[in-house]
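The lines below spell out each chain.
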Amino acid sequence: MKRRKLLEAGFTALAGGWLFPHRLAAGTVGKEGIPLLHVGGHNYETPTRYFDRPITPTPVFFRASFLGVPPYRPDIKLRVDGLVERPLTFTVADLKRNFEEVSILCVNQCAGFGRSLYRPKTQGTPWGRGCVGQALWTGVRLADVLKKAGVKRSAAYLQTQGDDLSLADAKPPFVRFLPVERALQPDVLLAYGMNGETLPLVHGGPLRLVVPGWVGSFWIKWLTHIRLQEQEPDAFFVREAFRVPKEPVKPGTSVPPELTVPVTTFPVNSVIARPQDGDRIPVGVQEVVGVAYSGKAPIAKVEVSLDNGKVWEEAALEGEGGVGRWQIFRYRFEAKQPGTYQVIVCATDKKGNRQPKEPPWNPKGYNWNGWHTVVWEVVG
Ligand SMILES: Nc1nc2c(c(=O)[nH]1)N[C@H]1C(S)=C(S)[C@@H](COP(=O)(O)O)O[C@H]1N2
Ligand SMILES: [Mo]
């Protein structure tokens, strides 16, 4: 999509929802009633009731960080070196001056999505369904910057890291990677804007990676260094974390790293925003609303069941589809009788991937995409 069109799509979406006052800005989580849920460490998730609109308002966008938030350094430099013809450094101002600006509307989902739903339980931040959000990201194409540096033929991986390295101390630094092949695709951005504003510090300002369709751990915040190399970096967050078994294993099995592969894309998934578990809604029209998305293909359909999976009906889809982009689904029906109601939602993408009732267990609890079920009361 052209920038103009994307921006229009984004701003229409913003105008259609509601905006938070911007005093609720970076670094004030927990104060002034910011409605994010703390899930341990420097991690906060979005209440699922916000997943009824194309754009997740920035103040309620989930936040995930291993080491904490470094000081804001708007003039920080990004260095691109290693297997390149010309090592280069850029400030955000340099990037804006030298490259075409583009925007993309897409989902950022943490690899740990739904970890708390796996049984047996796994180690790691006990995320629910709130570590996902969709935003309009603005920046320059990573591919344009890499072309300027001149990637050597022998380069196969980017080693990527951010300014939170300075906070690592005794912990493993957040050093990650991206295959050159993916990095050269035109949808991967060096982003300095989010939802039409300057990228806030908590979301990686001044500069972060945006890798549509790929889990959040590739979306390096506070980006300072990209090094082109032949091999994947030999780093904890590449070797040990964000990996799943090559083949499904029996729940509870431990799997050695050599039998694992990196998590890249997120699977087809959906989350119900309304109703919420335990809601009390008057007899009459009931509306089931939420989001559906896949990192592998655009969404094909969203099915809804009111009878525990016997009969499925299709929900209406709103918005323009895309790989790694969410669409709103909506399903209305008349509840004539008071009582307990249950809805199950299941999305299918255009590659034919359909959400399983429960995904296969994996040792670190990544990429849950089982059916979301909500139970509520219809009252007379
Ligand atoms: N430098 C740095 N980048 C990072 C992280 C981090 O800890 N340090 N966390 C990653 C993870 S695991 C996720 S899910 C996303 C979350 O992005 P958000 O906080 O903007 O929602 O940032 C990614 N980028
Ligand atoms: Mo994450």
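Residues numbered from 1 in each chain as written. Chains lettered and ligands numbered in written order. Predicted model: local features only at pLDDT ≥ 70, side-chain atom pairs only at ≥ 80, totals over all residues. Heavy atoms only, no water.

**Student:** I tried to follow the overall build of the protein chain on my own but got confused; where do I start?
**Tutor:** Of regular secondary structure, the protein chain possesses five helices and 23 strands. Taken over C-alpha atoms, the radius of gyration comes to 21 Å for the protein chain, in line with the 21 Å a tight globule of 380 residues would show. Structurally, the protein chain occupies a C-alpha span of about 70 × 50 × 40 Å along its principal axes. The buried share among the 380 residues of the protein chain stands at 56%. In the protein chain, the proportion of contacts linking residues at least 24 apart, taken out of those at least 6 apart, comes to 73%. Total accessible area on the protein chain is roughly 16600 Å²; 52% of this is exposed by carbon and sulfur atoms. Counting 48 positive and 36 negative side-chain charges, the protein chain places the centres of these two groups 2 Å from one another. (Helix = DSSP H or I, 4+ residues; strand = E, 2+ residues; numbered from the N terminus. Rg over C-alpha atoms; globule rule 2.2 N^0.38 Å. Buried < 20%, exposed > 50% of the residue type's maximum accessible area, 1.4 Å probe, protein only. Contact = heavy atoms within 4.5 Å. Areas by Shrake-Rupley, 256 points an atom, 1.4 Å probe, with all protein chains shown as cover. Lys, Arg positive; Asp, Glu negative; His and termini not counted. Charge placed at Lys NZ, Arg CZ, Asp CG, Glu CD.)

**Student:** Mind showing me how you'd approach the site of ligand 1 here?
**Tutor:** Around ligand 1, a shell composed of 18 residues is seen, among which F62, D164, H203, R208 and K221 lie nearest. The separation between a nitrogen atom of ligand 1 and a polar main-chain atom of W219 is 3.1 Å. Here ligand 1 has 530 Å² of accessible area as a free molecule, and 99% of this is covered by the chains. (Near = heavy atom within 4 Å. Polar contact = N/O pair within 3.5 Å; in protein donor to acceptor, adjacent residues only side chain to side chain.)

**Student:** In this structure, what is going on with the sheet that holds strand β22 (residues 339-349)? I would like to understand it.
**Tutor:** Pairing between the strands of a sheet comes from backbone hydrogen bonds, and it takes one of two forms, parallel or antiparallel. In space, the five strands of this open sheet follow the order β16-β23-β22-β18-β19, with mixed pairing throughout. Of all strands in the sheet, those bounded by a partner on one side alone are β16 (280-282) and β19 (313-314). Where β22 meets strand β23 (residues 372-379), seven bridges bridge the pair, whose relative direction is antiparallel. Among the inter-strand pairings, Y341 is bridged to a residue of β23, identified as W376. (Pairing = 2+ DSSP bridges.)

**Student:** Looking at this structure, how should I read the environment of T138?
**Tutor:** Looking at where T138 falls in the secondary structure, it is placed in strand β6 (residues 132-141). When near neighbours in sequence (up to four residues on either side) are disregarded, T138 contacts E101, V102, S103, L189, L190, A191, Y192 and G193.

**Student:** How should I be thinking about the sheet that holds strand β20 (residues 316-318) in this particular structure?
**Tutor:** Pairing is antiparallel across the open sheet formed by four strands, whose spatial order is β15-β17-β21-β20. Edge positions in the sheet fall to β15 (269-274) and β20, since each of these pairs with one other strand and no more. For this sheet, the mean angle separating the axes of adjacent strands, direction not counted, is 30°. The pairing of β20 with strand β21 (residues 327-335) spans three bridges and is antiparallel. If you follow E318 over to β21, its bridge partner there is I328. (Axes fitted to C-alpha atoms, helices over the stretch in contact; angles between N-to-C directions.)

**Student:** Would you mind going over helix α3 (residues 142-149) with me for this structure?
**Tutor:** Residues of α3 that are buried include every one of L142, A143, V145, L146 and A149, and no others. Around the axis of α3, the buried residues are gathered within 160° of arc, so they sit on the same side. A positive backbone phi angle near 75° is found at G150, which sits one or two residues after α3. (Arc of directions from axis to C-beta.)

**Student:** Is there a simple way to think about the pattern of salt bridges in this case?
**Tutor:** It is possible for side chains of opposite charge to pair when their charged atoms get near one another. Scanning the model with the defined rule gives 16 salt bridges in all. Between D81 and R79 there is a salt bridge; the shortest N-O distance is 2.8 Å. A residue is classified by how much of its surface remains accessible, and D81, at 10% relative accessible area, is buried. The structure contains a network of salt bridges with shared partners spanning D52, R53, R274, E287, E318, R330 and R332. (Salt bridge = Lys/Arg side-chain N within 4 Å of Asp/Glu carboxyl O.)

**Student:** What am I meant to see in the nonpolar core here?
**Tutor:** Among soluble globular proteins, nonpolar side chains are generally buried collectively. Residues W137, L142 and L190 are the most contacted members of the largest nonpolar core, which totals 76 residues. Top contributing element to this core by residue count: strand β9 (residues 189-194), with five residues. Excluding residues within four positions of it along the chain, L190 makes contact with L78, L95, T138, G139, V140, L142, V145, L207, R208, L209, L223 and I226. One finds I272, V302, F329 and F333 within the second-largest nonpolar core, a separate group that totals 19 residues. (Core = buried A, V, L, I, M, F, W, Y, C linked by side-chain atoms within 4.5 Å.)

**Student:** Quick question: what am I supposed to make of the environment of V343 here?
**Tutor:** On the secondary structure map, V343 appears in strand β22. When the C-alpha atoms of V343 and I272 are compared, they prove to be 9.3 Å apart, with 71 residues separating the residues in sequence. With residues near it in sequence (within four places) discarded, V343 still touches I272, V288, V304, S305, L306, H372, T373, V374 and W376.

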